[in-house]
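# Residue-level structure breakdown
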Amino acid sequence: MKKQLSVYLLLIVGFIVYNQFFQVADERTNSLINILFASFLFLYIGYLAFLVLKRMKNTGKK
């Protein structure tokens, strides 16, 4: 689980760094990139929740 959390931390740091230093000049393109990045972050949160629930279910059977 540490690996997934560290990947998520890197994604968040990448999102913050992009918004602070590497924004695209075109506002529409920049908004599209931000929406895609945020969607991927939420998708990864869902993946982490799925893994946690799967582990909780497996430990309940033991």
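Per chain, residue numbering runs from 1 following the sequence as it is written. With pLDDT at 70 or above as the cut-off, local features in this predicted model cover only qualifying residues; side-chain atom pairs require 80 or more to be listed or tallied, and sums for whole chains, interfaces and linings still use all residues. For side-chain calculations, the full set of non-hydrogen atoms in the structure is used, while hydrogens and water are omitted.

### Some remarks on helix α2 (residues 27–60)
Because an α-helix packs 3.6 residues into every turn, residues spaced three or four apart end up facing the same way. For clarity, the threshold we go by: Secondary structure elements are defined from DSSP: runs of H or I of at least 4 residues count as helices, runs of E of at least 2 residues count as strands, and each element is numbered from the N terminus. Multiplying one less than the number of residues by 1.5 Å gives the expected span of a helix. Note on classification: 1.4 Å probe, protein chains only; a residue is buried when its accessible area is under 20% of the maximum for its type, exposed when over 50%, partly exposed between these limits. Working rule for contacts: check all heavy atoms of both residues, and any pair within 4.5 Å makes them a contact.
Taking 1.5 Å per residue, 34 residues should reach 50 Å; α2 reaches 49 Å between its end C-alpha atoms and fits that length. Inspection of α2 places N30, N34, L41, Y44, L48 and L51 among the buried residues, and these make up the whole buried set. Considering only its buried residues, α2 is in contact with α1 (2–21).

### Digging into a nonpolar patch on the surface
Put simply, the test is: In this scheme, patches are assembled from residues that exceed 30% relative accessible area and form no salt bridge. Like charges are connected within 9 Å, while nonpolar side chains (Val, Leu, Ile, Met, Phe, Trp, Tyr) are connected within 5 Å. Each accessible area is a Shrake-Rupley result for a 1.4 Å probe, and residues are judged covered by the shown protein chains and nothing else. Salt-bridge detection follows one rule: a side-chain nitrogen of Lys or Arg within 4 Å of a carboxyl oxygen of Asp or Glu.
Nonpolar side chains collect at one region of the surface, where L9, V13, V17, F21 and F22 lie side by side and expose about 520 Å² of accessible area between them. For L9, the position within the fold is in helix α1. By relative accessible area, which is 53% here, L9 ends up exposed.

### Describing the nonpolar core
Quick note on the threshold: Definition of nonpolar core: a set of buried residues of the types Ala, Val, Leu, Ile, Met, Phe, Trp, Tyr and Cys, connected through side-chain atoms within 4.5 Å.
With five residues, the main nonpolar core is built from Y8, L11, L41, Y44 and L48. Put simply, the parts of the chain that give this core at least two residues each are α1 and α2. By residue number, the principal contributor to this core is α2, which donates three residues. Each residue touching Y44, except ones within four places of it in the same chain, is listed here: Q4, V7, Y8 and L11.

### Brief notes about the packing of α1 against α2
What counts here: Note on geometry: axes are lines fitted to C-alpha atoms, helical ones only across the stretch in contact, with angles between N-to-C directions running from 0 to 180 degrees. Our angle categories are set so that under 35 degrees counts as roughly parallel, over 145 as roughly antiparallel, 65 to 115 as roughly perpendicular, and the remainder as oblique. Helix crossings get a hand from a simple test, with the near helix turned counterclockwise from the far one by less than a right angle marking a left-handed crossing and a clockwise turn marking a right-handed one. Gly falls in the polar group here, along with every residue not listed as nonpolar (Ala, Val, Leu, Ile, Met, Phe, Trp, Tyr, Cys, Pro) or charged (Asp, Glu, Lys, Arg).
With their axes 11 Å apart at the nearest point, α1 and α2 run at an angle of 165 degrees to one another. Accordingly, the angle class assigned to the pair α1 and α2 is roughly antiparallel. Considering how the two elements wind past one another, α1 and α2 form a crossing that is left-handed. Residues Q4, L5, V7, Y8, L11, I12, G14, F15, Y18 and N19 of α1 pack against N30, I33, N34, F37, A38, F40, L41, Y44, I45, Y47, L48 and L51 of α2. Class assignment of the residues belonging to the contact of α1 with α2 gives a composition of 17 nonpolar, five polar and no charged.

### A short note on the environment of L5
As for its placement among the helices and strands, L5 is situated in helix α1. For L5, a relative accessible area of 47% corresponds to the partly exposed category. Along the primary structure L5 and L48 are separated by 43 residues, whereas in three dimensions their C-alpha atoms are 8.2 Å apart.

### Some words on the packing of aromatic side chains
Given two aromatic rings, one states the distance between the centres and the angle between the planes to describe the pair. The condition that has to hold: Centres within 6.5 Å make a pair out of two Phe, Tyr or Trp rings, where for Trp the six-membered ring is used; the pair is then stacked when the planes are under 30 degrees apart, edge-to-face when over 60, and tilted otherwise.
All told, the structure shown has three aromatic pairs when counted by the stated rule. Between the aromatic rings of F15 and F37, the centroid separation amounts to 5.2 Å while the plane-to-plane angle is 65 degrees, which identifies the pairing as edge-to-face. Taken together, the residues F15 in helix α1 and F37 in helix α2 connect sequence positions 22 residues apart. On the basis of relative accessible area, F15 is assigned to the partly exposed category, the value being 22%.

So far we have only geometry, and geometry alone does not tell us how the molecule works.
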